[in-house]
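# Coordinates in review
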Amino acid sequence: MSAFEHTAGTLEVLVKRIGYEAERINSYELIAPTGGELTPFTAGSHIDLHLPNGMIRSYSLVNDQCERHRYVIAVNRDGESRGGSSFVHDTVRVGNIIRISEPRNNFALREEADHSVLIAGGIGITPLLSMIRRLEALGRHWELFYAARTRAAAAFLDELGTYRSRVHLDFDDERSGRVFDLPALVRNAPPRAHLYCCGPVPMLEALEATTADRPADHVHVEYFKAREAPATEGGFDVKLARSNRTIAVEPGKTILDALLEAGIAANYACTEGVCGTCETRVLEGIPDHRDQFLSNEEQAANKSVMICCSGAKSRTLVLDL
C-alpha cells in the first residue's frame, strides 16, 4: 500500500530515521513507503499514530511545513505513560511501516501577528519548533521561553542555539531557588503579541490565569494531558440520530466506552479530550464537558461534545451519529 492509499482516514508511512534528541526523547522521521509527497501540513499540526497494540496517540510535527517529503515527530518516554510513548520507544524501529492519520491542526499559528511569544514546557517544544521555522521563513518577530527539568532533558537545543537572543532557556536545576516567572513573562510581552503555550497542565493553567486581561484570540494553548477526570457517572442515554439507536451509558463508562461496546464505529485518539478527534455534533441535550479542546464559548453553546471524556447533564443526549 502506498502512502496515498487510505483506510478509514489513515495512511501508511515508513520509519526512515530515529534520532536521539534528549534524555528519554527520540525523533522519528516518517516518509511515504514508495517515495513522493505526503499530505501538506501547517505549523502546529499533529498526527495520530495507530500503534499495533491498538493504542492511538497524537504527536506534534516538528519539521518545516514547507517539507512535503517527510513528517518528523518527537516522542518523550513519559514516566507516567499509559503505554503509548513506552511502546513507541520499545518497539518502533527504522524500516517499520506504521499507520498514521493525516495531519490536523488544533493549534494554528497566526502568521499575520507582528510578534509571537512562544512558551514551552518540556516536550511541549515540539509544535513550537515547527512554528519557529515558519516564523523565520516569514521574517516575523518572535521569542521563545523554554523550561525543562534539566538541560539534558531539553530537546533540540543545538538548533535553538542558532537563534541566540530570541531563545530564553530555563532549567529547574540551574535556577538556584528561583521559579519560572510566567506572570512576569506575560507582563513583559507586547500588548498585541500572540502568546502560544504547550507544556504541563499547571503551566497552561497559569498562562490562562495570567492572560485573562488579554484578547482571548491572542492566547493559544495546547494540552497534551487531561485537566480533569473523564465523566464516568453514567445513568443517561445516548440517542444516535442517523442510525436510530439508543445506547445506555452505565456508571463507570464514558460515552465512547458505551458506543464501542455496542459495536458503534466512532472516531477517537487520545481518549483524554485534548486532540479533538472524537468531537461529535450534539442535536439535543446538555453535555457535561470535560475536555480541553473546546473553548469556553464553544462549550457553553453545547453544539458539540468530546465523547471520549464528556458526559451528559440531561437524561438524554442526541448525537449526530
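Look up: the structure comes first, before these words.
The following paragraphs examine the structure supplied in this document.

The rules we used
Residues numbered from 1 in each chain as written. Predicted model: local features only at pLDDT ≥ 70, side-chain atom pairs only at ≥ 80, totals over all residues. Heavy atoms only, no water. Pairing = 2+ DSSP bridges. Helix = DSSP H or I, 4+ residues; strand = E, 2+ residues; numbered from the N terminus. Axes fitted to C-alpha atoms, helices over the stretch in contact; angles between N-to-C directions. Contact = heavy atoms within 4.5 Å. Salt bridge = Lys/Arg side-chain N within 4 Å of Asp/Glu carboxyl O. Buried < 20%, exposed > 50% of the residue type's maximum accessible area, 1.4 Å probe, protein only. Polar contact = N/O pair within 3.5 Å; in protein donor to acceptor, adjacent residues only side chain to side chain. Arc of directions from axis to C-beta.

Strand order in the open sheet formed by 5 strands is β9-β8-β7-β10-β11, and the pairing between neighbours is parallel. Two strands in the sheet have a free side with no partner beyond their single neighbour: β9 (167-171) and β11 (219-223). Ignoring strand direction, the axes of neighbouring strands in this sheet form an average angle of 10°. Inspection of the sheet shows strand β7 (residues 115-121) paired to strand β10 (residues 194-199) by 5 bridges, in the parallel sense. Considered in β10, the bridge of A120 is made with C198. Against the sheet, helix α5 (residues 201-210) makes contact with β7, β8 (141-148), β10 and β11, and its axis sits at roughly 160° relative to β11, the strand it touches most.

Take the pattern of salt bridges next. Counted by the stated rule, this structure contains 17 salt bridges. The salt bridge partner of D90 is R77, with a shortest N-O separation of 2.7 Å. Of this pair, D90 sits in helix α1 (residues 84-91) while R77 sits in the loop between β5 (71-76) and α1, placing them 13 residues apart in sequence. Under the relative-accessibility criterion, D90 is labelled partly exposed at 41%. On the basis of relative accessible area, R77 is assigned to the partly exposed category, the value being 26%.

Checked against the element boundaries, H289 lands in the loop between β15 (287-288) and α7 (296-301). Take H289: its relative accessible area is 14%, and that puts it in the buried class. Engagement of the side chain of H289 in a polar contact is seen with the backbone oxygen of Q299, the distance being 3.0 Å. Within the structure, H289 has its side chain in polar contact with the side chain of N302 (distance 2.9 Å). When sequence neighbours within four positions are dropped, the list of residues in contact with H289 reads E228, L294, Q299, N302, S304, V305 and S310.

Next up on the list: α5. For α5, every residue scored as buried is listed here: V201, M203, L204 and L207. Taken down its axis, α5 places every buried residue within 165° of arc, on the same side. Turned more than 90 degrees off the buried face of α5, the exposed positions are P202 and A209. Buried-residue contacts for α5 involve β7, β8, α4 (182-188), β10 and β11.

Right, let's talk about the environment of T254 for a bit. Here T254 shows up in the loop between β13 (245-249) and α6 (255-261). A sequence separation of 53 residues divides T254 from I307, and the C-alpha atoms of the two residues are 7.2 Å apart. Residue contacts for T254: discarding those within four places in its chain leaves P230, A231, T232, V249, I307 and C308.

Attention now moves to the pairing of β8. Most of β8 is tucked away, with 7 of its 8 residues classed as buried. Where β7 meets β8, 7 bridges bridge the pair, whose relative direction is parallel. In the strand pairing of β8, G121 is matched with A147.

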